[in-house]
Amino acid sequence: MMEQQDDNAELFDRYLLDQMEGEEKAQFLEKLGANDRLSKEFETYQLIFQGINYSAARELKEKLVAREEKLATKANYSFFWKIAAAIGLIAVAAFFVIRLLPGEGYQELYLTYYEPYPNIVNPLDRSATVANDDVYRFYERGQYQQTVDYFQQWDASKFTDTTYFYLGQAYMALGKPGLALDEFKEVQVSSIFFEPSQWYIALVYLQQNKKNQLEQQLRKIIGKSGSYKKRAQELLDNL
Amino acid sequence: MRLEKKEQDILERIKKGDENAIIVVYDNYRKEFIQWCSNNYGTDEDEAADLFQDSVVAFYYNARNQRLNELTSSLKTYLFAIGKNLALKRLNRESRMVVDHDVLELNSSIVPEDLFENSEKKKVVSALLNEMGEPCRSILKLFYFDRFAMDAIAARLGYKNEHVVKSQKLRCFNTLKKMVLERFEQDEI
């Protein structure tokens, strides 16, 4: 009985996998038509075959859906940076216009030098499901209040240098330099975000018109000879 | 027209079981398909992307079935023909467009109907297959959907030889059949 079933299975497989042709196929179909029990057995077999294919097709489609999401994110990311570039150009243009008018404190300089730090937390490879990723997606889209709200739900004892840095960035973008400063100061020297944090601390002082602290901070940056040295020197010269 | 070399290479990669090739197909034609589908069938971007995903799945299935070898058109033409068929069927089903039955029949051979028809029974089988877990899930999918030969499955899944896989596949199928019949409380369906 079991051997018969196994034989049938081989026969069913050959038919379903398009491996039967001509005479053999005709004989098989004839046999099915004449044997009710075999026909019912085949129906079950065929349903399972179709169910397996349905399941595998869904799985493959899910891979493509994930790919689509990745490409869409990439497109949005590119769009975001085009917008950011446009804003940057407007800011530079505004700087030259403002320079012709009587200035108030360092605000015009701040407008020139400030721009949000880009998200470099693995921006293109993030999945859509992990909570940690969502916060950077908010940030990437310029949804700074949501970024802050999201970070604030986290356990502060588990904050990393990256967390402090981007929370500071979000506060800065929301026009809360005091809160941003507290976060930037938490970033440790060993972090890749330490150097940019020092620059943004200078920008906080610039926004707050704190000349002495600003100059001190800029000299500190210049003294380190890092990638912000040139910008810091330029800003110092422009004060 | 013969398939372009680059397209033939993609086809060969798929036949050899290189899953990354399907992503290459997706990336290569996605933008053009979405534009074309929106222009011709008034679909929005999400809907067009969904149709394209189904088209690529059908393409993969046909390629693994050795059906694509018989084609004389380019890969793009082939993909778009599947897409056209799927789009017309969907629009017709949703009564958004009256489509001549003959038009639907045209090229219907390149769209594997069974793959996309989501009957409740198929969903049950799919759920039970996932419930079975490994190695049955992979063996059955590789054999029936990806159409790998037993020796190729043995190599992929680390079995000693094709005979071991063949026995395991039979055991897996019979277990799944038992689960399906128990679920439907029938001797046969």
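Residues numbered from 1 in each chain as written. Chains lettered and ligands numbered in written order. Predicted model: local features only at pLDDT ≥ 70, side-chain atom pairs only at ≥ 80, totals over all residues.

Enquirer: Got a minute to help me understand the overall build of chain B in this structure?
Expert: Scanning chain B from terminus to terminus reveals 10 helices and zero strands. For chain B, the α and β elements follow one another from N to C terminus as α-α-α-α-α-α-α-α-α-α. Out of the 189 residues belonging to chain B, those deemed buried represent 32%. For chain B, the share of sequence-separated contacts (at least 6 apart) that also reach a separation of at least 24 residues comes to 59%. (Helix = DSSP H or I, 4+ residues; strand = E, 2+ residues; numbered from the N terminus. Buried ≥ 20, exposed ≤ 12 C-beta atoms within 10 Å, placed from the backbone. Contact = placed C-beta atoms within 7 Å.)

Enquirer: Looking at this structure, how should I read the overall build of chain A?
Expert: When helices and strands are counted, chain A shows 11 helices and zero strands. If you list the helices and strands of chain A from N to C, you get α-α-α-α-α-α-α-α-α-α-α. Contacts in chain A between residues at least 24 apart in sequence constitute 41% of all its contacts with a sequence separation of at least 6.

Enquirer: Hey, could you run me through the packing of helix α8 (residues 136-144) of chain B against helix α10 (residues 162-184) of chain B in this one?
Expert: The relative placement of two packed helices is expressed as an angle between their axes plus a distance between the axes. Residue and element names in this part refer to chain B. Direction vectors running N to C along α8 and α10 enclose 105 degrees, while the axes themselves pass 9 Å from each other. When the axis of α8 is compared with that of α10, the two are roughly perpendicular. Residue-level inspection shows C136, I139, L140 and F143 of α8 in contact with α10, the latter providing V165, Q168, K169, C172, F173, T175 and L176. Taken together, the residues of the contact of α8 with α10 sort by class into eight nonpolar, two polar and one charged. (Axes fitted to C-alpha atoms, helices over the stretch in contact; angles between N-to-C directions. Parallel < 35°, antiparallel > 145°, perpendicular 65-115°, else oblique. Nonpolar A, V, L, I, M, F, W, Y, C, P; charged D, E, K, R; others polar.)

Enquirer: Can you help me understand the interface of chain A and chain B in this one?
Expert: Frequently, the measure chosen for interface size is the accessible area that the parts lose on association. Listed as interface residues are 27 residues of chain A and, on the opposing side, 32 residues of chain B. Those elements that place two or more of their residues in the side of chain A that touches chain B are α1 (2-16) and α3 (36-99) of chain A. The residue makeup of the side of chain A that touches chain B, split by class, is 13 nonpolar, five polar and nine charged.

Enquirer: Explain helix α1 (residues 5-15) of chain B here, please?
Expert: An α-helical segment advances 3.6 residues per turn. Residues three or four places apart therefore align on the same side. All names here are of chain B. Residues of α1 that are buried include every one of I10, L11 and I14, and no others. Down the axis of α1, the smallest arc covering the buried residues is 95 degrees, so these residues share one side. With respect to the buried face of α1, the exposed residues turned more than 90 degrees away are K5, K6, Q8 and E12. Against α2 (20-41), α3 (45-64) and α4 (75-93) lie the buried residues of α1. Trailing α1 by a residue or two, G17 shows a phi angle of about 90 degrees, which is positive. (Arc of directions from axis to C-beta.)

Enquirer: Just checking my understanding: could you explain the environment of Y113 of chain A for this structure?
Expert: Summarising the element assignment, Y113 of chain A is placed in helix α4 (residues 107-113). The sequence separation of Y113 of chain A and L235 of chain A amounts to 122 residues, and the corresponding C-alpha distance is 8.2 Å.

Enquirer: What is the right way to look at unusual backbone geometry in this model?
Expert: For the bond from E134 of chain B to P135 of chain B, the omega torsion is 5 degrees, close enough to zero to count as cis. Structurally, P135 of chain B is set in the loop between α7 (120-132) and α8. Even without being glycine, D18 of chain A reaches a positive phi, approximately 60 degrees. By secondary structure assignment, the location of D18 of chain A is in the loop between α1 and α2 (22-34).

Enquirer: Just to check I follow, could you spell out the packing of helix α10 (residues 211-224) of chain A against helix α11 (residues 229-238) of chain A for this structure?
Expert: All names here are of chain A. Running from amino to carboxyl end, α10 crosses α11 at an angle of 145 degrees, the nearest separation of the two axes being 8 Å. Seen from above, α10 lies across α11 with left-handed handedness. The residues of α11 that touch α10, namely those facing E215, L218, I221 and I222, are K229, A232, Q233, L235 and L236. Classifying every residue of the contact of α10 with α11 gives six nonpolar, one polar and two charged. (Left-handed = near helix turned anticlockwise from the far one by under 90°.)

Enquirer: Can you help me understand the confidence of the model for chain B in this one?
Expert: Caution is warranted with low-pLDDT regions, since their predicted coordinates should not be read in detail. All names here are of chain B. Across chain B, pLDDT averages 83, with 81% of residues at or above 70. Within chain B, the element-level pLDDT minimum falls on helix α5 (residues 101-105), averaging 54, and the maximum on α8, averaging 94. For this predicted complex, the interface score ipTM comes out at 0.88, alongside a pTM of 0.59. (pLDDT = per-residue confidence, 0-100.)

Enquirer: Which parts of the structure should I look at to understand the nonpolar core?
Expert: When a protein is soluble and globular, its nonpolar side chains tend to lie buried together. Formed by 58 residues in total, the largest nonpolar core has its most connected members in I48 and I52 of chain A together with V56, F59 and Y60 of chain B. Not counting residues up to four positions away in its chain, the partners in contact with F59 of chain B are V25, Y78, L79 and I82 of chain B. Core analysis: the next-biggest nonpolar cluster, separate from the first, contains 37 residues, Y144, L167, L181 and W199 of chain A among them. (Core = buried A, V, L, I, M, F, W, Y, C linked by C-beta atoms within 7 Å.)

Enquirer: How should the environment of M172 of chain A be read in this particular structure?
Expert: With respect to the helices and strands, the residue M172 of chain A is situated in helix α7 (residues 161-173). Each C-alpha atom of the pair M172 of chain A and V204 of chain A lies 7.9 Å from the other, and the pair is 32 residues apart in sequence.

Enquirer: In this structure, what is going on with the environment of A173 of chain A? I would like to understand it.
Expert: All names here are of chain A. Inspection of the secondary structure assignment puts A173 in helix α7. Taking the C-beta count within 10 Å as the criterion, A173 has 20 such neighbours and is therefore assigned buried. Counting along the chain gives 59 residues from A173 to Y114, while the straight-line C-alpha distance between them is 9.3 Å. Filtering out sequence-adjacent residues up to four positions away, A173 remains in contact with P116 and Y144.

Enquirer: Even after reading the chapter, I still don't get the confidence of the model for chain A, so can you show me in this structure?
Expert: Per-residue pLDDT for chain A has a mean of 82; in total, 84% of the residues score no lower than 70. Considering only residues more than four positions removed or in separate chains, one finds that residues 124-130 of chain A, a stretch of pLDDT under 50, has seven contacts.

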